[in-house]
Structures are given as C-alpha cells and as structure tokens.
Amino acid sequence: MDLWTNDDRRAVVTETVERIADGTRSMTDPRVVSLAPSATATVAALGAADLLVGVTQHCDPPADAGGAHGADPPAPIGGWLNPDLDRVDALDPDVVLTSDALQADLAADCRDRGFDVAHREPATVDDAVAGFAARGADVGRPEAGERLAADARDRLDRIAAA
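Residues numbered from 1 in each chain as written. Predicted model: local features only at pLDDT ≥ 70, side-chain atom pairs only at ≥ 80, totals over all residues. Heavy atoms only, no water.

S.K.: Go over the side chain of Ser99 with me, naming the residues and quoting the values.
M.R.: As for its position among the elements, Ser99 is in strand β4 (residues 95-99). Looking at Ser99, its side chain comes within polar contact range of the side chain of Ser38, at 3.5 Å. One polar contact links the side chain of Ser99 to the main-chain carbonyl oxygen of Arg120, over a distance of 3.3 Å. In contact with Ser99, not counting residues within four places along its chain, are Ala36, Ser38, Trp80, His119, Arg120, Pro122 and Arg135. (Helix = DSSP H or I, 4+ residues; strand = E, 2+ residues; numbered from the N terminus. Polar contact = N/O pair within 3.5 Å; in protein donor to acceptor, adjacent residues only side chain to side chain. Contact = heavy atoms within 4.5 Å.)

Structure below.
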C-alpha cells in the first residue's frame, strides 16, 4: 500500500530541486546517517555505503563506507534506540534513515530537529522488497534500488516455483 500521495512526491522533488538549485545540497553524493542496521545493510547492498557518514554501534558497514565524503569510516553515533542526536547534527546529514515501528518516535524526534528523515516500517515481504527501491531513492540511487528490488523479487519467484 502506497502511503505517499502525488502531492507528497511533488513536495519532496520540489524541496530536493530547490536545495540543489540554491547550492546547499547535492543529491549526487548525499551525506547519509543510518540509525538502523537494516538500513545500513540495504545501503551497502545498493552499492552506496560510500555515502554513509554516521551509523549506530549496531550497524556493520563495509570497509568502503564513508569514502564519498573523504572521511574515515562512518562516525559512530550511539545505539539503535538511543543515538546521540547532537552527534548526528554535527555530521550535517542530507538524510537520516530509520526503520521499524520501534524507531517511529526517534524518527519524529529527528524531524523535530529539522533532519530529513526516511522512515520505513516493512510489515510484509512485499513491503521489504519495495523498501529496497525506496531506500535507493532515499540516498539518491533510485536505479540501484529498483535493481535490488527486482533481483529480490526474482529470487523470491524462483523459490516459490521450486
């Protein structure tokens, strides 16, 4: 079920275009903070781990994580349910990734601080697969997200057919 209206999508695109036009941000290499291990794993599977500038102590980013910003590995920003949001703020993220109903309040707290938050709560396998495409869009790699979702669907179809 798609919870985004066309107006929501236009607002996101408009904000992104305006931020790029005024020179404040580029979605070519967005600064990404992941507050969920599942989001970190998905970003890595998208081939976008180089965009990560911060992760929780529970995340396991690959060795190339953070490279797009000339930084060391992504900064540790605390736990999954209790990250240090001042540390997140210091990383100046373009997007903060959260996942799961347990992080819904954390996502709201991040929004209250002015962060752009991409929160996902997959409840079914189909939701999880669609989430791959959504995460790709969240980090400026929509084609990679669509490919990962298509690959996952294909694997699931092969399992079902076996």
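S.K.: So what's going on with the pattern of salt bridges? Residues and values would help.
M.R.: For the structure shown, the criterion picks out six salt bridges. A salt bridge links Asp29 to Arg141; the nearest nitrogen and oxygen atoms lie 3.8 Å apart. Linking Asp29 in the loop between α1 (6-21) and β1 (32-34) with Arg141 in the loop between α5 (125-138) and α6 (142-161), this pair joins segments that are 112 residues apart in sequence. Note on Asp29: relative accessible area 34%, which makes it partly exposed. One salt-bridge network, held together by shared partners, links Asp29, Asp50 and Arg141. (Salt bridge = Lys/Arg side-chain N within 4 Å of Asp/Glu carboxyl O. Buried < 20%, exposed > 50% of the residue type's maximum accessible area, 1.4 Å probe, protein only.)

S.K.: Please set out helix α4 (residues 104-112) residue by residue, giving values where relevant.
M.R.: Along α4, the residues that are buried comprise Leu106, Ala107 and Cys110. Down the axis of α4, the buried side of the element spans an arc of 100 degrees, and every buried residue falls inside it. Away from its buried face by more than 90 degrees, α4 exposes Asp105 and Asp112. The inward-facing, buried residues of α4 contact α3 (85-90), β4 and β5 (117-120). Gly114 sits one or two positions beyond α4 and adopts a positive phi of about 95 degrees. (Arc of directions from axis to C-beta.)

S.K.: Which residues make up a nonpolar patch on the surface, and what values go with them?
M.R.: Residues Val125, Leu156 and Ile159 make up a contiguous nonpolar surface patch of about 280 Å² in total accessible area. In this fold, Val125 is placed in helix α5. (Patch = residues over 30% accessible without salt bridge, like charges linked within 9 Å, V, L, I, M, F, W, Y side chains within 5 Å. Areas by Shrake-Rupley, 256 points an atom, 1.4 Å probe, with all protein chains shown as cover.)

S.K.: Break down the sheet that holds β4 for me, citing the residues and quoting the values.
M.R.: To summarise the sheet geometry, strands pair through backbone hydrogen bonds and adopt either a parallel or an antiparallel arrangement. Strand order across the open sheet formed by five strands is β3-β2-β1-β4-β5, with parallel pairing between neighbours. Each of the sheet's edge strands pairs with one partner strand only, and the pair in question is β3 (75-76) and β5. With two bridges connecting them, strand β2 (residues 52-55) and β3 associate as parallel partners. Residue pairing across strands places Val55 opposite Pro76, the latter belonging to β3. The strands touched by α4 are β4 and β5; relative to β5, the strand with the most contacts, the crossing angle is about 165 degrees. (Pairing = 2+ DSSP bridges. Axes fitted to C-alpha atoms, helices over the stretch in contact; angles between N-to-C directions.)

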